[in-house]
Amino acid sequence: MDLSFLQVHGVDPWVIISRIFLAMLAGALIGLERTYNGRPAGFRTHTLVSVASTLLMLLTAFQWELVVSTAYLDTVRSDPTRLAQGIMTGIGFLGAGVIMKEDFRISGLTTAASIWITSAIGILIGIGFYLPAIIGVIVTLGTLSLFRWLEQLLPTLEYGVVTIRFLRRDILSEEEIKNIVAKHAISVSGSSYELESEGKFFTYKLTIRTRKLDNLRHLAETLHGMEKVCEFSVTPTSL
């Protein structure tokens, strides 16, 4: 196909087209992984981020070809890295939008990081630095998929917060509470206390850790069966 009519001062249009479509492919591959795992920023978001970064970097990659008159060559001073820094700063705001905090849980950090690195890959493609861009796509996909499997195999500590409320006249001692928690292979790393409703209720709030997330469920079942417990909550914080 003859695309000579699209040439901009000697720039091969196929070079521009190939970089844009390669950026679209790179963003789509990373976005598909995020969509498959039900993340808020998925296929379309990552594709647009990668293509947008490439489009902006094409401006700097071919900036001299865009200067029609040679009279400007002595006066124009351009640093492509400054545009790249601006892109990465702007992407930071987009990444912040997918980070959510609910109670003690924070989610979206991995998706925000994937958006950020997708932007970096788009920048590399935009300036024609293909090798690190391709390696970046492979490493990103490997990190998002393979490392997820490795995380499931590695022994990790699960953290949580347990809140238990008693009537003041039926309160259990802290030692008794810790013994109940310990029976479920859970250790207490911190505790706080609160007297509520004009002294009617006494509340323990414990920061806990365990090797298995199922232990928190078993603890909740035990607390549910205790008559002296008026209210309780068991909230994982490491999801």
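From a predicted model like this one, the values you see are computed outputs, not experimental measurements. Residue indices follow the written sequence of each chain, beginning from 1 at its first position. Owing to the predicted nature of the model, reporting of local features is limited to residues with pLDDT of at least 70; listing and counting of side-chain atom pairs is limited to 80 or more, with chain, interface and lining totals taken over all residues. Note: side-chain values were computed over all heavy atoms of the structure, leaving out hydrogens and water.

### Re the overall build of the protein
Point 1. For helices the rule is a DSSP run of H or I covering at least 4 residues; for strands it is a run of E covering at least 2, with both sets numbered from the N terminus onward. Along the backbone of the protein there are eight helices and six strands.
Point 2. Helices and strands in the protein line up, N terminus first, as α-α-α-α-β-β-α-α-β-α-β-β-α-β.
Point 3. Here the protein holds 239 residues, and 33% of them are scored as buried.
Point 4. Working rule for contacts: check all heavy atoms of both residues, and any pair within 4.5 Å makes them a contact. Considering only contacts in the protein between residues 6 or more positions apart, those separated by 24 or more positions represent 68%.
Point 5. Each accessible area is a Shrake-Rupley estimate made with a 1.4 Å probe; only the visible protein chains count as cover when residues are assessed. A total of about 14,800 Å² of accessible surface is found on the protein, and carbon and sulfur atoms cover 62% of it. Three labels apply to residues, based on accessible area from a 1.4 Å probe with only protein chains included: buried if under 20% of the type maximum, exposed if over 50%, partly exposed otherwise in between.

### A short note on the side chain of Ser119
Point 1. Within the secondary structure, Ser119 sits in helix α5 (residues 109–126).
Point 2. What makes Ser119 buried here is its relative accessible area of 0%.
Point 3. Counted as a polar contact is a pair of N or O atoms within 3.5 Å, where, for protein atoms, one must be capable of donating a hydrogen and the other of accepting one, and residues adjacent in sequence contribute only when both atoms are in side chains. There is a polar contact of 3.0 Å between the side chain of Ser119 and the side chain of Ser53.
Point 4. In this structure, Ser119 is in contact with Val49, Ser53, Ile87, Met88 and Ile91, ignoring residues within four places of it in sequence.

### Let's talk about the pattern of salt bridges
Point 1. Each salt bridge in this description consists of a side-chain nitrogen of Lys or Arg and a carboxyl oxygen of Asp or Glu lying within 4 Å of one another. Under the defined criterion, the tally for this structure stands at four salt bridges.
Point 2. Of the charged contacts, one joins Glu174 and Lys178 as a salt bridge, the two residues approaching to 3.3 Å between their closest N and O atoms. A residue pair is termed a helical-turn pair when its members lie 3 or 4 positions apart in one helix, as Glu174 and Lys178 do in helix α7 (residues 174–182) at four residues.
Point 3. Assessed through its relative accessible area of 31%, Lys178 is described here as partly exposed.
Point 4. Between Arg217 and Glu221 there is a salt bridge whose closest N-O contact spans 3.3 Å. Linking Arg217 with Glu221, this pair stays in helix α8 (residues 214–224), spanning four residues, or about one helical turn.
Point 5. Connected through salt bridges with shared partners, the residues Arg165, Glu196 and Glu231 form a single ionic network.

### Remarks on the pairing of strand β5 (residues 201–210)
Point 1. Among the ten residues in β5, seven count as buried, and that is most of the element.
Point 2. Strands were regarded as paired on the criterion that DSSP finds at least two bridges between them. With ten bridges joining them, strand β3 (residues 158–167) and β5 adopt antiparallel strand pairing. Pairing of Thr163 across the sheet is with Lys205, part of β5.
Point 3. As judged from the ten bridges shared by strand β4 (residues 186–196) and β5, these two strands associate in the antiparallel manner. Along β5, the bridge assignment pairs Ser192 with Lys205.
Point 4. Counted between consecutive antiparallel strands, the loop separating β4 from β5 contains four residues, among which Ser197 sits at a positive phi close to 50°.

### Observations regarding unusual backbone geometry
For residues that are not glycine, phi is negative in most cases, and the peptide bond is trans in most cases.
Point 1. The backbone phi angle of Ser197 is positive, close to 50°, even though this residue is not glycine.
Point 2. Relative to the helices and strands, Ser197 resides in the loop between β4 and β5.
Point 3. Although it is not a glycine, Glu198 sits at a positive phi angle of roughly 55°.
Point 4. If you trace the backbone, Glu198 turns up in the loop between β4 and β5.

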